[in-house]
Every structure is written in structure tokens, then in C-alpha cells.
Amino acid sequence: MNLFQGHKAIKIPQNTLAWDIDPYSKDVLLNPEKFFNALREKGPFVYLSKYKMLACGRFKETKEVFSDHKRFVSSRGVGIQDFKLEAPWRPPSLVLEVDPPQHTKNRRFLAQALSPNKIAKLKDFFKECADQLISELLQKKEIDGISDLAEMFPTKVFPEAVGLKKIDKDTLLGYGAMVFNALGPDNEFRNDAMAKGLSVLEKINKQCLEENIDAKGLAKEIYQRTADSSEKEHLAGMLVRSLLSAGIDTTVSAIGNLLWCFSENPEQFHLVKNDKLLVGNAVEESLRLTSPVKAFCRTSTKEAEVSGVVIEEGTKILCVLGSANTDPEMWENPYKYDVTRRTIGHLALGVGVHNCVGQTLARAEIAALTSSLTERVQNIKPRGKAIWKPNNAMRSLESLPIILET
Ligand code: OVV
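Report follows, based on the coordinates. These numbers come from a predicted model, not from an experiment.

**Thoughts on the sheet that holds strand 15 (residues 401-405)**
In step 1: Taken in spatial order, the 3 strands make up an open sheet running 7-15-12, and their pairing is antiparallel. Of all strands in the sheet, those bounded by a partner on one side alone are strand 7 (142-144) and strand 12 (379-382). For this sheet, the mean angle separating the axes of adjacent strands, direction not counted, is 35°.
In step 2: When strand 12 meets strand 15, the two strands line up antiparallel, connected through 4 bridges. When the bridges of strand 15 are listed, N379 appears paired with E405.

**Points about the site of the ligand**
In step 1: The full set of residues close to the ligand is R90, S93, V95, L96, V179, F180, S242, S245 and A246.
In step 2: Here an oxygen atom of the ligand and a side-chain polar atom of S242 are 2.6 Å apart.
In step 3: A distance of 3.3 Å is found between an oxygen atom of the ligand and a side-chain nitrogen or oxygen belonging to S245.
In step 4: Across the complex, the protein chains shield 90% of the 290 Å² of accessible surface that the ligand would expose by itself.
In step 5: Elements with a minimum of two residues in the shell around the ligand: helix 9 (169-181) and helix 13 (232-246).
In step 6: The element best represented in the shell around the ligand is helix 13, accounting for 3 residues.
In step 7: Partitioned by chemical class, the residues of the shell around the ligand number 5 nonpolar, 3 polar and 1 charged.

**Focus on the pattern of salt bridges**
In step 1: Across all of its chains, the model carries 23 salt bridges by this definition.
In step 2: When the shortest N-O distance is used, the salt bridge between R90 and E97 registers 4.0 Å.
In step 3: Residue class for R90 comes out buried when judged on its relative accessible area of 8%.
In step 4: Judged by relative accessible area, E97 falls into the buried class, the value being 7%.
In step 5: E375 is the partner of K276 in a salt bridge, and the nearest nitrogen-oxygen pair spans 2.7 Å. Residue K276 is located in the loop between helix 15 (266-274) and helix 16 (279-290), and its partner E375 is located in helix 18 (residues 359-376); the two are separated by 99 residues in the primary sequence.
In step 6: Assessed through its relative accessible area of 40%, E375 is described here as partly exposed.
In step 7: Members of the salt-bridge network, linked through shared partners, are K8, R76, D82, E312 and E313.

**Some remarks on a nonpolar patch on the surface**
In step 1: Taken together, M1, L3 and L85 make up a surface patch of nonpolar side chains, about 300 Å² in accessible area.
In step 2: Note that L85 resides in the loop between strand 6 (72-73) and helix 4 (102-113).
In step 3: On the accessibility criterion, L85 (32% relative accessible area) is partly exposed.

**What about the layout of surface pockets?**
In step 1: Space inside the largest pocket adds up to approximately 540 Å³.
In step 2: For the largest pocket, the lining is made up of 22 residues, of which L173, A177, K196, K389 and E398 are closest to its centre.
In step 3: At the level of secondary structure, the elements contributing two or more residues to the lining of the largest pocket comprise helix 7 (145-150), helix 9, helix 10 (188-195), helix 14 (249-264) and strand 14 (396-399).
In step 4: Sorting elements by how many residues they give to the lining of the largest pocket places helix 9 first, with 5 residues.
In step 5: Looking at the lining of the largest pocket residue by residue, the class counts come to 9 nonpolar, 6 polar and 7 charged.

**Regarding empty space enclosed by the protein**
A probe matching the size of a water molecule, rolled over the atoms, marks out where space remains unfilled.
In step 1: What the rule picks out here adds up to 4 cavities of 30 Å³ or more.
In step 2: Estimated volume of the second largest cavity: approximately 80 Å³.
In step 3: Along the walls of the second largest cavity sit P23, Y24, V28, L29, F35, K294, A295, L318, V320 and N392, which together make up its complete lining.
In step 4: Going through the elements one at a time, helix 1 (26-30) and strand 11 (316-320) are the ones with two or more residues in the lining of the second largest cavity.
In step 5: The residue makeup of the lining of the second largest cavity, split by class, is 8 nonpolar, 1 polar and 1 charged.

Reading guide: rules and limits
- Within each chain, residues carry numbers counting from 1 in the order of the written sequence.
- In view of the model being predicted, local features appear only for residues whose pLDDT reaches at least 70, and side-chain atom pairs are presented and counted only at 80 or more, with totals across whole chains, interfaces and linings using the full set of residues.
- Only hydrogens and water are removed before side-chain values are computed, so all heavy atoms of the structure are retained for them.
- Paired strands, in this sense, are two strands between which DSSP finds at least two bridges.
- Helix and strand definitions follow DSSP, with helices as H or I runs of at least four residues and strands as E runs of at least two, each counted in order from the N terminus.
- Every axis corresponds to a line fitted to the C-alpha atoms, with the helix fit spanning only the stretch in contact, and the corresponding angles, defined between N-to-C directions, vary from 0 to 180 degrees.
- Near residues are defined by distance, with any heavy atom within 4 Å of the molecule or strand qualifying the residue.
- Pairing of N or O atoms within 3.5 Å defines a polar contact, subject to two protein rules: one partner must be a possible hydrogen donor and the other a possible acceptor, and residues neighboring in sequence count only if both atoms are side-chain atoms.
- Values of accessible area rely on a 1.4 Å probe in the Shrake-Rupley scheme; residue burial ignores everything except the protein chains shown.
- In this classification, Asp, Glu, Lys and Arg are treated as charged, Ala, Val, Leu, Ile, Met, Phe, Trp, Tyr, Cys and Pro as nonpolar, and every other residue, Gly included, as polar.
- Throughout this description, the term salt bridge denotes a Lys or Arg side-chain nitrogen within 4 Å of a carboxyl oxygen of Asp or Glu.
- Burial classes follow relative accessibility: with a 1.4 Å probe on protein chains only, a residue under 20% of its type's maximum area counts as buried, one over 50% as exposed, and anything between as partly exposed.
- Patches in this entry comprise residues that are over 30% relatively accessible and not in a salt bridge; like charges within 9 Å are linked, as are nonpolar side chains (Val, Leu, Ile, Met, Phe, Trp, Tyr) within 5 Å.
- Cavity: a set of points on a 1 Å grid over the protein atoms alone where a 1.4 Å probe fits but cannot get out. Pocket: an open set with protein on both sides within 12 Å along at least five of seven lines, its lining residues, like those of a cavity, having an atom within 4 Å of a point.
- Grid points are joined across faces, edges and corners, and a volume is the space filled by probe spheres set on the points.

Here it is as C-alpha cells:
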């Protein structure tokens, strides 16, 4: 079989256009909107000539492929490498990179530890931390929305909530960069993230051990709940690793992107300031518009047909969630940040059995911060250019110079 970048090099399906764009090039990663528009215009699927795989970006097909875990599996990896054909860089995640029925069993432990009633108990803690951080930043006024705010909040509250006090911010952010960049091809972004890797990996793996986990906190609960399992140490440790993989970069990006939405759309920030009931929807709308997890792949396990396109077995499909979330067929004026929009159905947290298991926690963190901002800040003004950060799977900012006015 012909392998390319760790997956089967497929042939162009009938009725499908070949496109020689590189979705992992710096240009596209930094300016995804033009890519999204062209991707949707070219049909339900395009053939990426450079990678010999498919991509989809219309809402309909992206949702169909993403939610059909039988035909389009995750166990062969959600990046462009096929785990059936090539060994992954780390032992596969026991939730992200497995299929039912194992997935169902493993995910339940996380779902219980992260259930809405558990998260409800953390709300006051999140709000206190948010109030404190915003008060401190108001002393400075001129801040970087990313390094001073977006990176600070989850790296403080998440380890505490989970019960991992000893872990530092740079290790968490460094690991997140590895996990997400590893989903792309062998390019500079993947290599740069991996180059910083070994010491980060050691620290992360150590953190997942029971002896390094607080008696209180969600991680402890995962150890307790898996106690009857025959492979408790491995299972619990790997599930805690999933929290560390998926819990930091995602929320850091979501918060940075939300600040960008507010700073670019002051009238929308004022709508939320004047009506606290809009906080939740302002968060959802920023998730829809900026889709922090821009794309994940699926792999077809057998020949499948979607919207008249026959997809051969072993096909990697890049499902571009950010494009589905800005499909004009689904969303009116899709690139407008509108806090009053009906946002239900966006795919930023996935759809189907793999939808984000930490979403209640993520939303609680971001909502706490948004509440503090709307209570204490009059205006969020840009004081320089927002700089995006290239990443093979995430859409996030490197820097966002802003002024917080009181
Ligand atoms: C990147 C990512 C998302 C979700 C889960 C995981 C990783 C994991 O390692 O389980």
C-alpha cells in the first residue's frame, strides 16, 4: 500500500475536485477564512492533492462524518497519521483515540468526574479567581490578552480543580502545543512543538501518577472510580493524561478568542454588559465563530458514501469544524460576532459520542471570566495588532494587545 504522511494515499473519488492547497501552511493557519470559503465552494468533499486525503467543510457533511463513529472511526487517530499503519508519538488516548465499546466504558469515568453537579460546586471558586485576576489586571490597564489573561486563568484554576497543584504553566502549555500540533503533518509547527518535548513529557507523565494527586479534586475521583478495574493504575493515569491534554490549550484559546471578539466588537461587549443573561450565549458565539479546535480527522473503516461521494476504506478525512461553523447555508452572516444569535448546533465542541466531555467545566471557567469582565471593565480596546499563532489543529492567538478601561 502507498503510504503518505502516515496514512493510505487514496485516489481521487469521482465527482470530487482535487485542490493543491496546503491546509497546514502558515498562510492558511493564520488566515483560515479564505480557506473555509473555498473549501465549502468546491463541494461536499475536496481531495487534498498534497496530502492524498479528503477534507470537508460544509456543515452537513462535516456533521455527518464527525458523528458517525461506526463508519468514520477515531481509533486510527484524529490527526493525519493512521494508527493502524504507523505507531503514534505517544500511547493513544483512551478516550479521544478509541471507539465504542471501549470508548463508552472509559469515557464514563471522565463524564462522572466532570458531571454538571460536580462542576456547579466549582463555580464560586472560578468566579473568585476571575475577580481577583481581573482586579490585578485593572491595575495595569494595558495588558496582553493572551499572556496576561487567557494563559493565566486556566493554568491556575484547572490544576487546582483537578487536584494537580505542583504543575507549572509552561509544562501545561508546552504539552498542549505538542498534542495539537502532532495532529498535523511533519511540518515546522509539529517539529517545533515536539522539539521542546522530552522534559515536558516526563513531567506530565509524573503528574498523572496517584501519588502526585490531591486528596480532593476531580483526578482523585477518577482514581477512586477506576479502583475496581483490573488495570486501574494505567487506566486512571491515562484518563488524567486526557484531562491535561484537552483541558488547557483548548480553554486558553477559547478565552483568547473571546477577548478578540469583544475587542473587535465593542457594541457586542456592551450588549452583554447590559444584560447578564447574554453571558452564556456570548461564549457560545465566540466558540462558533472562532472554533478553537479548528479541525480533527476521522478515518473510514470501510467503503462509505456521503452526499454522492464514494469514500474508499482507510481514507483520512480532515473535518474542518471552523468551516462548518461559518457555513452560510447554516448561519446567517456567518462571520459576524452576534451575541444574540441562536448558536445551538455549532460544532466547536464536536458532535456525536466524542463530543467534548469537559464542556461543562470549560463553559464554567469561561463564563466566570466573562462575568467578571462585564462587571468590572467598561471597554476592551485594541492597542495594537492581534497576532495569530500557527498550530496544526488549533486556532489561537499569540498576542492580543488590549486596554481594559474602567
Ligand atoms: C487533543 C485532545 C482532545 C481531547 C482529548 C485528548 C486530546 C486526549 O488526550 O484524550
